Amino acid sequence: MTKSISYDDAVLALAESAARKGHANSGFIAETTIWLEACGYAGLQELSQALADPRQEFVLARSVLGLDLRNISCALIGDQVLADAVKNGRVYLRNVRHGLFLLAGSVQHNIGIGCPVDPAFALGGQRSKNPYKEKLEIARRDGLQLNDQLWRSIMEN
């Protein structure tokens, strides 16, 4: 069963839900989740997994090996990781969970991203094109079809 919703309404509702649950980065969570859904990725599914985790935040600290994300979901800390890469340049990431949540920001900031399914990948460098532009335009024009069960689960819990 699917839920029909406009792109902007989905972002707004998800941001409000995340803010009610105490997530300071509710805008990032909502915008990135819906961006992923619009581009054909399982944003809601990964967000649902991230929200079920007891560890949801920590302070990032670069080392000579890059950033150790300690398997905390990028759905929840991706905004910090992206801000670090934009400010300080390319960084190697270790112990990455839900790395797809870095994809929207890498496109927005025009920086390269390594393979987000690899346990160790890089963020930064030059991006040469935006392969998601058309999908996002269609989603903004026509709306989204979201998994209704996942949507309700995220909004209620």
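Presented here is a report on the structure given in the accompanying data block. (Residues numbered from 1 in each chain as written. Predicted model: local features only at pLDDT ≥ 70, side-chain atom pairs only at ≥ 80, totals over all residues. Heavy atoms only, no water.)

Regarding the overall build of the chain
And step 1. Broken down by element type, the chain carries seven helices and seven strands.
And step 2. In sequence order, the chain lays out its α and β elements as β-α-α-α-β-β-α-β-α-β-β-α-β-α.
And step 3. A separation of at least 24 residues holds for 64% of the contacts in the chain among residues at least 6 apart in sequence.
And step 4. Of the roughly 8,400 Å² that the chain leaves accessible, carbon and sulfur atoms contribute 49%. (Helix = DSSP H or I, 4+ residues; strand = E, 2+ residues; numbered from the N terminus. Contact = heavy atoms within 4.5 Å. Areas by Shrake-Rupley, 256 points an atom, 1.4 Å probe, with all protein chains shown as cover.)

Overview of helix H1 (residues 7-20)
And step 1. Between the first and last C-alpha of H1 there are 20 Å, a value that for 14 residues agrees with the 20 Å anticipated at 1.5 Å per step.
And step 2. By the burial criterion, the buried members of H1 are Tyr 7, Ala 10, Val 11, Ala 13, Leu 14, Ala 15, Ser 17 and Ala 18.
And step 3. Looking at the buried residues of H1, the elements they touch are strand E1 (2-5), helix H2 (26-38), helix H3 (43-51), helix H6 (133-142), strand E7 (144-147) and helix H7 (148-156).
And step 4. After H1 finishes, the residue Gly 22 shows a positive phi value of roughly 90 degrees. (Expected span 1.5 Å × (residues − 1). Buried < 20%, exposed > 50% of the residue type's maximum accessible area, 1.4 Å probe, protein only.)

Observations concerning the packing of H1 against H2
And step 1. Between H1 and H2, whose axes approach to 8 Å, the crossing angle comes to 140 degrees. The angle between H1 and H2 places the two elements in the oblique class. Crossing of H1 over H2 shows right-handed handedness. Two secondary-structure elements touch here, H1 through Tyr 7, Ala 10, Val 11, Leu 14, Ala 15, Ala 18 and Ala 19 and H2 through Ser 26, Ile 29, Ala 30, Glu 31, Thr 33, Ile 34, Trp 35 and Ala 38. (Axes fitted to C-alpha atoms, helices over the stretch in contact; angles between N-to-C directions. Parallel < 35°, antiparallel > 145°, perpendicular 65-115°, else oblique. Left-handed = near helix turned anticlockwise from the far one by under 90°.)

Some thoughts on the nonpolar core
And step 1. Ranked by size, the top nonpolar core spans 48 residues in total, and within it Tyr 7, Ile 34, Trp 35, Leu 69, Leu 144 and Trp 151 carry the most contacts.
And step 2. Once residues lying within four places of it in the same chain are set aside, the contact partners of Trp 35 are Tyr 7, Leu 103, Ala 104, Val 107, Tyr 132 and Leu 136. (Core = buried A, V, L, I, M, F, W, Y, C linked by side-chain atoms within 4.5 Å.)

A few points about the side chain of Ser 73
And step 1. Along the chain, Ser 73 turns up in the loop between strand E3 (66-68) and helix H4 (74-88).
And step 2. Here Ser 73 falls in the buried class, since its relative accessible area comes to 1%.
And step 3. Polar side-chain contacts of Ser 73 include one of 3.0 Å to the backbone nitrogen of Ala 75.
And step 4. A distance of 2.6 Å separates a polar atom in the side chain of Ser 73 from a polar atom in the side chain of His 98. (Polar contact = N/O pair within 3.5 Å; in protein donor to acceptor, adjacent residues only side chain to side chain.)

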